[in-house]
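A closer look at the structure
Read off the chains here:
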Amino acid sequence: MVDTSRFATALVMVGFLLAATAPSAAADGLDLAPVADTFVQSGTEAGWDHGLADHLDVDQSPADVSYLKFDLSALGAPVARATLTLFCRNGAASGGTVYPVADSAWVEGTRHGETTASAAGPGLKWTDLDTNGNGTLDAADISPFLPDRSRPLAGIGLVVAGQPITVDVTAAFQAGPGLYSLAIVGTSPNEASFASRESTVAAERPRLHVELGAVPVPPSITTTTTTAPPLTTTTTPPPPPAPRTDRGRFRIQPMTLHAASGLLQGQGENLTCYHKHGPSHPMEVGRIHISMPGDGGHHVILFRPHPGPVLWPPKLCPLTLNWDQWELIAQTQHPETDWKLPPGVAINVSRRQPLLVQTHYVRGTHPKTRHAMTKTRLYPIDPATVTAHAGALFLNDRSMVVPPHTRMTEVNRCTITGEGGQAREVKLLSITGHYHFRGLGFEAFRVHTDGSLGEELYKFEGFDQPNFKQFDDPPVLHPGEGIEWRCHYQNNSDKTYTYGPDATTQEHCILFGAYYPTSTVQEAINCTHDKDTAGHDVSTVAIVPGE
């Protein structure tokens, strides 16, 4: 826990910094307690949760790695210096080496690590880090929670039982407000042990001492006027400073969302949903890069919820999400997709906005690796350069029918620009198609206001890995125009396939895409083609305003 007297002083200081009119920082800074800490151990306790242990172990044999998480989301100024203080419970020639951890989504846990019952806990475990199962943490492991061995922060030398030790970890906290994690890796055969945040002695608990830098304020402007004697010198206040867009170095640092494939050996498919959140401050995203390594990758999709209560799916998620509740931001069916929006166009992500990453992998008999780790990187741009926001485009055919032993084409239309007085201009940024393995190809065309067909906007032949088309010169759909999308199928079976997510028993005909400009910063256009009770074609357009 944070020492209450110092924490009160810290809160006053943070408030002062946020409202200051001149550079200033309290001399003693802030003392922060970890919001989570734990340790993981190899060997017989590799699958154990140690989250509630009152100690943090660091050792080489069996290997113990300790973790601490700190919340710096409320800071209003850059970190000038940060020091970590630990209280030694068991001495050793070396207390280990401190490293940063890229992803702070790990869970502390609910077990003490004293009995085999700890294997049932939800906290971070050695097996979460040692993804190749060889008993060591090495370059072959792909967990996002691994210590970043390329960035050693501090070596903890000799530690003596009953004595505190303090090391400088400033370099770990330079990316602006947010959650940060540190890992301590053992370098001594003798176990070092430190008190955790669960220690009954408050003075022994870990703490991070943070000294904040000054908030820069523009100087006053002095002007001299000679319009009338005598000469008069006046001092006028400067214009209010523009909102900060850099947040330290965050402006040029991408946010990476890791999501694992699950075990790739065996039969069947893995469809997994990972709960994520946006950054600790609003972000304007100008580029999204998705990596889907390993064998059997089918897709990676980044979602955010529509307005209203967030109904999170389970980790082992259903075949498809409820499209009426979740908006697709970006997706790939390729090992690598790099989507760069035009200059001035951005996708807006709110502060701590709920996000969801879904991975879909098909298991195999002899995969190259047992696991794969996908990465979805969001690259922020300066908000001052944003002139328009991008919205998600989702066109879905729910009326489709693929009869047995036929080669056929399903055709759908939607006036995505709106109709009548609500119609507007829409510029297309990207298009891709989606269907199941009976699909032979996918096409999309412009539809003019008179219903005639315009130019081809997209074409793909085959089933696997349909291309993600990015428009260098975005086509402009004028008010009253729309899109026609077509899916071609070959059904050699005795079954009739209708709309649904199950590839073995159902089919899809979906167009994913993006457009701009939007009316609200997180807008999306959803269009559903279906049949009414009389069997007539009906297309319904819904404009989702977003947060």
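Residues numbered from 1 in each chain as written. Predicted model: local features only at pLDDT ≥ 70, side-chain atom pairs only at ≥ 80, totals over all residues. Heavy atoms only, no water.

1. Focus on the overall build of the protein
Summing up its helical and strand segments, the protein has 2 helices and 37 strands in all. When each of the 547 residues of the protein is scored for burial, the buried share is 49%. For the protein, long-range pairs separated by at least 24 residues make up 79% of all intrachain contacts whose partners lie at least 6 apart in sequence. Just so you have it, the protein exposes about 24,400 Å², and 55% of that area is on carbon and sulfur atoms. (Helix = DSSP H or I, 4+ residues; strand = E, 2+ residues; numbered from the N terminus. Buried < 20%, exposed > 50% of the residue type's maximum accessible area, 1.4 Å probe, protein only. Contact = heavy atoms within 4.5 Å. Areas by Shrake-Rupley, 256 points an atom, 1.4 Å probe, with all protein chains shown as cover.)

2. A few points about the sheet that holds strand β17 (residues 297–305)
The sheet built from 4 strands is open, its strands ordered β15-β21-β17-β18 with antiparallel pairing. Strands with a single pairing partner mark the edges of an open sheet, and in this sheet they are β15 (269–277) and β18 (326–332). Strand after strand, the sheet turns through a mean of 20° between neighbouring axes, direction not considered. Pairing between β17 and strand β21 (residues 354–362): 6 bridges, direction antiparallel. For L302, the partnering residue across the bridge sits in β21 and is V357. (Pairing = 2+ DSSP bridges. Axes fitted to C-alpha atoms, helices over the stretch in contact; angles between N-to-C directions.)

3. Considering the sheet that holds strand β33 (residues 497–499)
On the basis of which strands lie adjacent, the open sheet formed by 3 strands has the order β25-β33-β34 and mixed pairing. Taken across any chain shown, the strands that pair with only one partner, and hence form the sheet edges, are β25 (401–402) and β34 (506–507).

4. A short note on the nonpolar core
Core analysis: the biggest nonpolar cluster contains 32 residues, and L72, V169, F173, L182 and L208 have the highest contact counts within it. Every element with two or more residues in this core is listed here: β1 (30–32), β3 (55–60), β4 (63–71), β5 (79–90), β7 (154–156), β9 (179–185), β10 (192–195) and β11 (207–212). If you tally residues by element for this core, the top one is β5, at 5 residues. (Core = buried A, V, L, I, M, F, W, Y, C linked by side-chain atoms within 4.5 Å.)

5. Focus on the packing of aromatic side chains
By the definition in use, this model includes 7 aromatic pairs. Linked through ring pairs, Y435, F442 and Y458 together constitute an aromatic cluster. Above the ring of Y99, the side-chain terminus of R149 is found at 5.7 Å from the ring centroid. In this arrangement the basic side chain of R287 is found over the ring face of Y379, its NZ or CZ atom lying 4.2 Å from the centre. (Phe/Tyr/Trp six-rings, centres within 6.5 Å; stacked < 30°, edge-to-face > 60°. Lys NZ or Arg CZ within 6 Å of the ring centre and 35° of its normal.)

6. Here's the deal with the pattern of salt bridges
Summed over the entire model, instances satisfying the criterion amount to 19 salt bridges. Ionic pairing is found between R438 and E507, a salt bridge with its closest N-O pair at 3.1 Å. With a gap of 69 residues between them, R438 in the loop between β27 (426–434) and β28 (439–447) and E507 in strand β34 connect regions that are remote in the sequence. Looking at R438, the relative accessible area reads 5%, which means it is buried. (Salt bridge = Lys/Arg side-chain N within 4 Å of Asp/Glu carboxyl O.)

7. Remarks on the environment of P100
Secondary-structure assignment places P100 in strand β6 (residues 96–101). In this structure P100 comes out as buried when scored by relative accessible area, which is 7%. Placed 46 residues apart in sequence, P100 and L146 show a C-alpha to C-alpha distance of 8.9 Å. Ignoring anything within four residues of it in the chain, the contact list for P100 reads L146, P147, D148, R151, L153, S181 and L182.

8. Thoughts on the side chain of S143
Note on placement: S143 falls in the loop between α2 (126–129) and β7. What makes S143 buried here is its relative accessible area of 8%. Engagement of the side chain of S143 in a polar contact is seen with the backbone oxygen of D128, the distance being 3.2 Å. Within the structure, the side chain of S143 is placed 3.1 Å from the backbone nitrogen of F145, a separation counted as a polar contact. With near-sequence residues (within four places) excluded, S143 lies in contact with D128, L129, T131 and M373. (Polar contact = N/O pair within 3.5 Å; in protein donor to acceptor, adjacent residues only side chain to side chain.)

9. Quick word on the state of the cysteines
A disulfide bridge is the covalent bond that connects two cysteines by way of their sulfur atoms. Considering all chains together, one arrives at 3 disulfides under this definition. One disulfide bridge connects C273 with C317, the sulfur atoms lying 2.4 Å from each other. Across the disulfide from C273 to C317, rotation about the S-S bond amounts to roughly 80°, and the bridge is consequently right-handed. Separated by 44 residues along the polypeptide, C273 in strand β15 and C317 in the loop between β17 and β18 bring together distant segments of the chain. The class of C273 is buried, set by a relative accessible area of 2%. Here the cysteine-cysteine linkages of the protein are recorded as 1-2, 3-6, 4-5, numbering only bonded cysteines and doing so in sequence order. (Disulfide = S-S within 2.5 Å.)

10. A closer look at unusual backbone geometry
For the bond from S61 to P62, the omega torsion is -10°, close enough to zero to count as cis. Y516 connects to P517 through a cis peptide bond whose omega is -5°. Within the secondary structure, P517 sits in the loop between β35 (510–516) and β36 (524–531). Despite not being glycine, R352 shows a phi value in the positive range, around 55°. Looking at the element boundaries, R352 is found in the loop between β20 (345–349) and β21. Residue class for R352 comes out partly exposed when judged on its relative accessible area of 35%. A positive phi angle, near 55°, is found at H405, a position not held by glycine. For H405, a relative accessible area of 52% gives the class exposed.

These figures capture arrangement, not role.
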